[in-house]
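Below are the chains, spelled out letter by letter.
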Amino acid sequence: MKTTVFLTGATGTMGWAGLQELLAHKENYNIRILARPSEKNKRKLAGMEQDINIIWGDLSKYEDVLKGVTGADIVLHVGGMVSPQADYRPRATRKTNLGAAENIQKAVLAQGDNQPKVVYIGSVAQMGDRREPLHWGRAGDPICVSAYDHYGLTKAMAERILTDGGIKKWVSLRQSGILYPAILKNYDPIMFHVPIRGVLEWATVEDSGRLLERVCRPEVPEEFWNRYYNIGSGKEYRISNYEFEILLLNAIGCPRPEKIFNANWFTTRNFHGMWYIDGDELENYLHFRANTPIKEYFEQMTHSTSLPTGIKLAKTTQAARLVPHIVKLAMRAMANKPVHGTQTWIKQNQQQRIAAYYGSLEKYRAIPEWKDMDLSHNSETPVLLDHGYDEQKPMEDFTLEDMQKAAAFRGGKCLSKEMKKGDWDTQLEWQCAEGHTFKASPRLILLGGHWCPECFPYPYADEPKEKQHPWNWDAEARRNPFFAQIWTPLHDADENNVYDAHVFDGWEH
């Protein structure tokens with residue numbers, strides 16, 4: 001009997017790769033997708049109606065989502081707004097990503113006892129800035145979205161909706177940066193928002209597509225579900241941002257970073273990315289990695305017919321190697337673009353942006369030249385954070401006392417008076433250090449790294465004032481020892497890292 005799969009985001013990067021994998025095993029699946037009826041999507045999906053059921057609609061419309069969910073065995077929720085579009089349209093990102101999660105939750109609950117499994121694709125952006133020595137991480141570490149990252153905010157909030165909202169069987173797979181040929185087309189100031197010594201454990205688009213098909217297979221064991229995992233292509237793909245630039249520029253025939261970028265065009269903090277202590281857990285369940293050597297993979301990307309003509313020409317003629325100053329002029333223009341250009345922030349003395357991404361104007365001015373920078377490979381020794389409970393203890397033995405200890409380590413309390421031994425799914429009542437009370441399952445708090453929703457940033461000036469909340473991780477670190485582990489070592493005590501709700505600067509459109 002075929003498995004009915006409902007896939008969102010099928011025309012996007014990861015969703016399209018997943019769709020191709022499902023089609024490669026179409027004898028096992030009834031494939032159903034939801035796609036916006038744009039001309040681009042219609043062209044992309046033309047001729048595929050015989051193999052897939054296309055629901056022309058929108059994730060923001062409950063009726064469209066309900067059509068996809070009803071009768072499905074599994075929901076692969078990949079769709080939503082991503083960066084860099086999300087950086088320019090924060091309100092639309094919030095409405096799209098949260099609205100989609102709410103609609104999927106509502107539609108799944110409407111199925112009663114016939115709920116499908118839900119696979120949510122989260123993001124490494126939920127974890128925020130993880131610079132050295134904290135560049136190794138795992139599921140259960142504190143959620144800490146970087147300032148101005150509306151994509152990361154909405155992914156974290158959507159994860160809470162789908163993994164702690166009554167759905168019986170779910171999994172959250174937190175995606176890393178995806179390597180795919182069209183990444184070479186990404187020419188946006190966000191390219192300079194990454195610290196040079198920041199890291200990512202990248203995932204290839206092919207591995208990501210295989211992952212989406214493998215998670216639909218009936219042999220996936222029961223213990224896999226109702227947990228949080230990190231997606232990455234493994235040790236070979238653990239590189240620094242500097243190493244990424246070397247690989248990318250070499251593959252397309254451009255000069256080294258030192259010849260075409262100024263070091264201070266790049267930020268020094270407030271992005272996201274980490275290497276995964278627990279990265280192999282997902283591979284051990286789903287066996288989705290091709291293990292292609294990373295240098296070989298970058299070469300393969302440049303052979304794609306989707307590359308811009310200019311990049312193909314540069315690779316063929318090596319012209320860019322001969323005239324690095326021309327390339328540098330183009331890169332300088334990108335660093336000086338309005339809104340998100342890092343040099344625009346400096347020239348206009350945008351103090352909140354400068355504070356967020358550099359610490360201060362003085363720290364920006366102290367950025368060394370390339371020749372004085374440490375460009376060595378980052379430490380391979382993980383720093384393991386304390387999650388505030390005995391991780392060696394069998395899950396079935398956890399009691400209310402364990403929850404009370406975990407809450408105290410987060411600066412708060414577990415207010416519930418009773419808990420069934422080993423019950424990780426029933427919501428308990430908690431209180432944060434600010435006195436906010438909220439309900440959440442032990443899974444969300446201990447395994448997902450979430451905490452108080454009222455203290456979580458909600459910087460949207462178009463919302464009622466009582467709902468607005470700034471990025472104020474400084475205050476959270478002072479009252480929450482669990483959170484302080486990732487914040488305090490990377491921020492000076494005299495800094496003011498508070499970013500208010502009015503962050504649109506007139507550029508939402």
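Residues numbered from 1 in each chain as written. Predicted model: local features only at pLDDT ≥ 70, side-chain atom pairs only at ≥ 80, totals over all residues. Heavy atoms only, no water.

Trainee: Please give an account of the packing of aromatic side chains that cites residues and values.
Mentor: The tally for this structure, following the rule as stated, stands at 30 aromatic pairs. On the numbers, 6.4 Å between centres and 15 degrees between planes, the contact of Tyr148 with Tyr357 is stacked. Here Tyr357 lies in helix α16 (residues 351-358) and Tyr148 lies in the loop between β6 (136-137) and α6 (150-163), a separation of 209 residues in the sequence. The exposure classification of Tyr148 matches that of Tyr357, with both residues buried. Plain terms: the ring middles of Phe192 and Trp265 are 5.8 Å apart, the flat faces sit at 75 degrees to each other, and that makes the pair edge-to-face. Of this pair, Phe192 sits in the loop between β8 (178-179) and β9 (199-201) while Trp265 is found in the loop between α9 (257-260) and β13 (275-276), placing the two residues 73 residues apart along the sequence. In this pair, the class of Phe192 matches that of Trp265, namely buried. (Phe/Tyr/Trp six-rings, centres within 6.5 Å; stacked < 30°, edge-to-face > 60°. Helix = DSSP H or I, 4+ residues; strand = E, 2+ residues; numbered from the N terminus. Buried < 20%, exposed > 50% of the residue type's maximum accessible area, 1.4 Å probe, protein only.)

Trainee: Hey, could you go over helix α11 (residues 294-302) for me, with residue numbers and the actual values?
Mentor: Taken as a whole, α11 has its buried residues at Ile294, Tyr297, Phe298, Met301 and Thr302. In an axial view of α11, the angular spread of the buried residues amounts to 140 degrees, which keeps them on one side of the axis. (Arc of directions from axis to C-beta.)

Trainee: So what's going on with the pairing of strand β3 (residues 52-56)? Which residues, and what values?
Mentor: Note: strand β2 (residues 29-35) against β3, five bridges, orientation parallel. Note on β3: the bridge partner recorded for Ala35 is Trp56. (Pairing = 2+ DSSP bridges.)

Trainee: Give a detailed account of the confidence of the model for the chain, specifying residues and quantitative values.
Mentor: Summing up the model confidence of the chain, the mean pLDDT is 93 and the portion of residues at 70 or higher is 94%. The low-confidence segment residues 501-509, where pLDDT is below 50, has 31 contacts with residues more than four positions distant or belonging to other chains. (pLDDT = per-residue confidence, 0-100. Contact = heavy atoms within 4.5 Å.)

Trainee: I'd love a proper account of the environment of Lys235, names of residues and values included.
Mentor: Tracing the chain through its elements places Lys235 in the loop between β11 (228-230) and β12 (238-240). Counting along the chain gives 41 residues from Lys235 to Tyr276, while the straight-line C-alpha distance between them is 9.0 Å.

Trainee: So what's going on with the nonpolar core? Which residues, and what values?
Mentor: Leu19, Leu76, Leu173, Phe224, Phe261 and Trp430 are the most contacted members of the largest nonpolar core, which totals 153 residues. For Phe224, the contacting residues outside a window of four places in its chain are Val171, Leu173, Val215, Tyr229, Leu282, Tyr285 and Leu286. (Core = buried A, V, L, I, M, F, W, Y, C linked by side-chain atoms within 4.5 Å.)

Trainee: How would you explain the environment of Arg138 if you had to name every residue and give the values?
Mentor: Looking at the element boundaries, Arg138 is found in the loop between β6 and α6. Given the relative accessible area of 10%, Arg138 is considered buried. C-alpha of Arg138 to C-alpha of Ser60: the two residues are 78 residues apart in sequence and 31 Å apart in space. Apart from residues lying up to four places away in sequence, Arg138 is in contact with Asn230, Met274, Ile277, Asp278, Leu384, Leu385, His387 and Glu391. From its side chain, Arg138 meets the backbone oxygen of Leu385 in a polar contact 2.7 Å long. (Polar contact = N/O pair within 3.5 Å; in protein donor to acceptor, adjacent residues only side chain to side chain.)

Trainee: So what about the packing of helix α5 (residues 90-109) against α6? Which residues, and what values?
Mentor: Interhelical geometry of α5 versus α6 gives an angle of 15 degrees and a closest axis separation of 9 Å. In terms of orientation, α5 and α6 fall into the roughly parallel class. For α5 against α6, the interelement crossing comes out right-handed. Mapping the contact onto sequence places Pro90, Thr93, Arg94, Asn97, Leu98, Ala101, Glu102, Ile104 and Gln105 in α5 and His150, Tyr151, Thr154, Lys155, Met157, Ala158, Ile161 and Leu162 in α6. (Axes fitted to C-alpha atoms, helices over the stretch in contact; angles between N-to-C directions. Parallel < 35°, antiparallel > 145°, perpendicular 65-115°, else oblique. Left-handed = near helix turned anticlockwise from the far one by under 90°.)

Trainee: Summarise the pattern of salt bridges; cite the residues concerned and give the values.
Mentor: Using the criterion set out here, one finds 27 salt bridges in the structure. Here Arg131 and Asp129 are joined by a salt bridge, their closest N and O atoms 2.8 Å apart. Taking the relative accessible area as the measure of exposure, Arg131 reaches 18% and is therefore buried. Through salt bridges with shared partners, a single network forms among Arg94, Asp462, Glu463 and Lys467. (Salt bridge = Lys/Arg side-chain N within 4 Å of Asp/Glu carboxyl O.)

Trainee: Explain the sheet that holds strand β5 (residues 117-123) residue by residue, including any values.
Mentor: Spatially, seven strands are ordered β3-β2-β1-β4-β5-β7-β11 in an open sheet, and the strand pairing comes out parallel. Looking at which strands have only one partner, the edges of the open sheet turn out to be β3 and β11. Averaged over all pairs of adjacent strands, the angle between strand axes in this sheet comes to 20 degrees, irrespective of strand direction. Here α5 sits on the sheet in contact with β1 (3-8), β4 (74-77) and β5, set at roughly 175 degrees to β4. The strands that α6 touches are β4, β5, β7 (170-175) and β11; relative to β5, the one it contacts most, it runs at about 160 degrees.

Trainee: Please give an account of unusual backbone geometry that cites residues and values.
Mentor: In this chain, Ser83 is followed by Pro84 through a cis amide linkage whose omega measures 5 degrees. Turning to its location among the elements, Pro84 is positioned in the loop between β4 and α4 (85-88). Here the residue pair Glu132 and Pro133 is connected by a cis peptide bond, since its omega of 5 degrees sits within 30 degrees of zero. Even without a glycine there, the phi angle at Asn226 is positive, about 60 degrees. Structurally, Asn226 is set in the loop between α7 (205-214) and β11. Taking relative accessible area as the criterion, Asn226 reaches 9% and is therefore assigned buried. The backbone of Asn291 sits at a positive phi, close to 60 degrees, despite the residue not being glycine. Here Asn291 is to be found in the loop between α10 (280-286) and α11.

Trainee: Help me get a handle on helix α14 (residues 324-335), residues and values and all.
Mentor: Helix length check: α14 (twelve residues) gives 16 Å between terminal C-alpha atoms against 16 Å at 1.5 Å per residue, within 8%. Among all positions of α14, only Val327, Met331, Met334 and Ala335 are buried. Each buried residue of α14 lies within a common arc of 95 degrees when the element is viewed along its axis, so the set occupies one face. Residues of α14 that are exposed and point more than 90 degrees away from the buried face comprise His325 and Leu329. (Expected span 1.5 Å × (residues − 1).)

Trainee: Go over the sheet that holds strand β14 (residues 413-414), please, and point to the residues and values.
Mentor: If you trace the three strands from one edge of the open sheet to the other, you get β14-β15-β16, paired in antiparallel fashion. Each edge of the open sheet is held by one strand with a lone partner, namely β14 and β16 (437-440). Here four bridges tie strand β15 (residues 428-431) to β16, and the two strands are oriented antiparallel to one another. By the bridge assignment for β16, Gln431 is matched with Thr437.

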